[in-house]
Amino acid sequence: MSDIERADEAHGQPGTTLAKPEGGVPDRFENPGLPEHRHRMGDTDPAAAKRAERQVAFFLVLSILGSIGIIVSIIAIKYDGSFDRVSMSTKAIGLSMFVSLFALGVGAVHWAKTLMPDDERIDMRHRQRGTTAEREEAVSILKEGASEAGLGRRPLIRNTLIGALALFPIPAVFFFRDTGPLPGNDLSTTMWKAGIHLTKDPEGGRIRAADVTLGSVVHVLPEGIEEVDHPLNEKAKSAVLIMRLEQDLLSAKQNEWGVDGTVAYSKICTHMGCPVALYEQQTHHLLCPCHQSTFDLTQDCKVIFGPAKRPLPQLPIAVDDEGYLVATSGFHEAVGPSFWERG
């Protein structure tokens, strides 16, 4: 047998004869075994073990406080529409979540490193499903491991661990709260209603019907939007575009809900809620720049291209006694993307 064949045959078999090249290398390699086990302080010193137990409990209590901090941050810091408030809430929740997760992880690692058994063991590879005796032995080992973990003998760690694990998922209830029925009909309504004047966005000021020229487009918000509780939320729903076309290009509904060819439509794309901010004067198309959904103004803002599935809702408008444009009602359908239980 050649040296290569002998080496291939012996590959992966500790202690077998290997090829002996020139130079006096031994035919066999002795198994070096495991290094001498070094006991930790907690294994030999009861005081050190007790100190480690208190340290683990400290981190678990810190995790409990972090979970409570998440809940307090969500409840105590109310949104008022300002970026400062949003920033404060985000930072408080993020910091509390970091403390909760980090302390729980550090406590678990410190427990494993200082108190759980760390004896080195070798288990030779065997077939996937063991015999009945082997399975019973595995169960016995698991029970032995549970006993060695010391939960029964260390009630301080056990109780603080239960507290940390029990409190940790509770903040998720507050995070998912907004997916339930709590918003009510907020997604289906805007602040538009009969009698509210149309104002220019962003400069403000009411809009005279006579000032809207053919081919022009004006970005519009409802008057008084800065005075509501959540102006940013209302802007995200109530933004409107007004355009003026030749009346013979418009449908009967558009002429009825418009003023001398001037019509108003929601600016919120019905695909993903992006602003439909581009108007092609020659084709009378409104274009969403995010995903290229295109709406035909001469066909009641019907979708003619892109991923949007619904036309833009129209806002009924009229002229008041002073010649300013005013809404005659709110939208007759929900604006923006579709959602469950859409009104």
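Nothing here was measured: the structure is a model prediction, and the numbers come from that model.

1. A look at the sheet that holds strand 5 (residues 278–280)
And step 1. Read across the open sheet, the four strands follow the order 5-6-7-8; overall the sheet is antiparallel. The open sheet terminates on both sides in strands that have one partner only, identified here as strand 5 and strand 8 (302–305). Each strand axis lies, on average, 35° off the axis of its neighbour in the sheet, ignoring direction.

2. A word on the environment of Ala92
And step 1. Within the element layout of this structure, Ala92 appears in helix 4 (residues 83–114).
And step 2. Each C-alpha atom, one on Ala92 and one on Ser73, is 5.9 Å from the other, the two residues being 19 residues apart in sequence.
And step 3. Once you skip the residues sitting within four places of it in the chain, Ala92 turns out to touch Ser73 and Ile77.

3. Some remarks on the confidence of the model for the chain
And step 1. Per-residue confidence for the chain averages 85 on the pLDDT scale, and 88% of its residues sit at or above 70.
And step 2. For residues 1–18, every residue scores under 50 in pLDDT, and the model assigns this stretch 16 contacts once sequence neighbours within four places are set aside.

4. Focus: the sheet that holds strand 1 (residues 198–200)
And step 1. What the five strands build is an open sheet, ordered 1-2-3-4-9; its pairing is antiparallel. The open sheet has two edge strands, strand 1 and strand 9 (314–315), and neither has a second partner.
And step 2. Taken together, the two bridges between strand 4 (residues 262–266) and strand 9 define a ladder with antiparallel strand orientation. Residue pairing for strand 9: Tyr265 is matched across the bridge by Gln314.

5. A few points about helix 3 (residues 46–76)
And step 1. Spanning 31 residues, helix 3 covers 44 Å between terminal C-alpha atoms, matching the ideal 45 Å at 1.5 Å per step.
And step 2. Backbone nitrogen of Ala47 and a side-chain oxygen of the N-cap are separated by 3.1 Å at the start of helix 3; the cap is Asp45.

6. Some points on the packing of aromatic side chains
And step 1. Tallying each qualifying case throughout the model produces two aromatic pairs.
And step 2. A centroid spacing of 5.4 Å and a plane angle of 70° characterise the contact between Phe58 and Phe59, whose relative ring orientation is edge-to-face.
And step 3. Note on Phe58: relative accessible area 52%, which makes it exposed.
And step 4. Centroid distance Phe98 to Phe102: 5.2 Å. Interplanar angle 15°. Geometry classified as stacked. Of this pair, Phe98 and Phe102 both sit in helix 4, four residues apart, which is roughly one turn of that helix.
And step 5. Overall, the relative accessible area of 47% leaves Phe102 in the partly exposed class.

7. Here's the deal with helix 6 (residues 155–167)
And step 1. Between its terminal C-alpha atoms helix 6 stretches 18 Å, which fits the 18 Å expected from 13 residues at 1.5 Å a residue.
And step 2. Listed in full, the buried residues belonging to helix 6 are Ile157, Thr160, Leu161, Gly163 and Ala164. Projected onto a plane normal to the axis of helix 6, the buried residues spread over an arc of 160° and lie on a single side.
And step 3. In this structure, the buried side of helix 6 is in contact with helix 3 and helix 4.

8. Quick look at the pattern of salt bridges
And step 1. Applying the stated rule across the entire model yields seven salt bridges.
And step 2. A salt bridge links Arg40 to Asp43; the shortest N-O distance between them is 3.0 Å.
And step 3. A relative accessible area of 36% places Asp43 in the partly exposed class.
And step 4. For Glu53, the salt bridge goes to Arg154, with nearest N and O atoms at 3.6 Å. Note that Glu53 is positioned in helix 3 and Arg154 in the loop between helix 5 (132–149) and helix 6, a separation of 101 residues in sequence. The pair Glu53 / Arg154 is uniform in exposure class, with both members buried.
And step 5. Within this structure, Lys50, Glu53 and Arg154 form a network of salt bridges that share partners.

9. Description of the packing of helix 3 against helix 6
And step 1. Closest axis-to-axis distance for the helix 3/helix 6 pair is 9 Å, and the angle between their directions is 20°. The angle between helix 3 and helix 6 places the two elements in the roughly parallel class. Regarding helix 3 and helix 6, the two cross each other, and that crossing is left-handed. Contacts from Glu53, Arg54, Val56, Ala57, Leu60, Val61, Ser63, Ile64, Ser67 and Ile68 in helix 3 reach Leu156, Ile157, Thr160, Leu161, Gly163, Ala164 and Leu167 in helix 6.
And step 2. Residue composition of the contact of helix 3 with helix 6, grouped by class: eleven nonpolar, four polar and two charged.

10. Here's the deal with the side chain of Ser329
And step 1. Turning to its location among the elements, Ser329 is positioned in the segment after strand 11 (325–327).
And step 2. There is a polar contact of 3.2 Å between the side chain of Ser329 and the side chain of His332.
And step 3. Apart from the residues within four sequence positions on either side, Ser329 is in contact with Lys193, Ala194, Leu315 and Pro316.

11. As for the side chain of Thr160
And step 1. Relative to the helices and strands, Thr160 is located in helix 6.
And step 2. Residue Thr160 is classed as buried on the basis of its relative accessible area of 10%.
And step 3. Among the polar contacts made by the side chain of Thr160, one reaches the main-chain carbonyl oxygen of Ile157 at a distance of 3.1 Å.
And step 4. Ignoring anything within four residues of it in the chain, the contact list for Thr160 reads Ala57, Leu60, Val61 and Ile64.

The rules behind each value
- Residues numbered from 1 in each chain as written.
- Predicted model: local features only at pLDDT ≥ 70, side-chain atom pairs only at ≥ 80, totals over all residues.
- Heavy atoms only, no water.
- Pairing = 2+ DSSP bridges.
- Helix = DSSP H or I, 4+ residues; strand = E, 2+ residues; numbered from the N terminus.
- Axes fitted to C-alpha atoms, helices over the stretch in contact; angles between N-to-C directions.
- Contact = heavy atoms within 4.5 Å.
- pLDDT = per-residue confidence, 0-100.
- Expected span 1.5 Å × (residues − 1).
- Polar contact = N/O pair within 3.5 Å; in protein donor to acceptor, adjacent residues only side chain to side chain.
- Phe/Tyr/Trp six-rings, centres within 6.5 Å; stacked < 30°, edge-to-face > 60°.
- Buried < 20%, exposed > 50% of the residue type's maximum accessible area, 1.4 Å probe, protein only.
- Arc of directions from axis to C-beta.
- Salt bridge = Lys/Arg side-chain N within 4 Å of Asp/Glu carboxyl O.
- Parallel < 35°, antiparallel > 145°, perpendicular 65-115°, else oblique.
- Left-handed = near helix turned anticlockwise from the far one by under 90°.
- Nonpolar A, V, L, I, M, F, W, Y, C, P; charged D, E, K, R; others polar.

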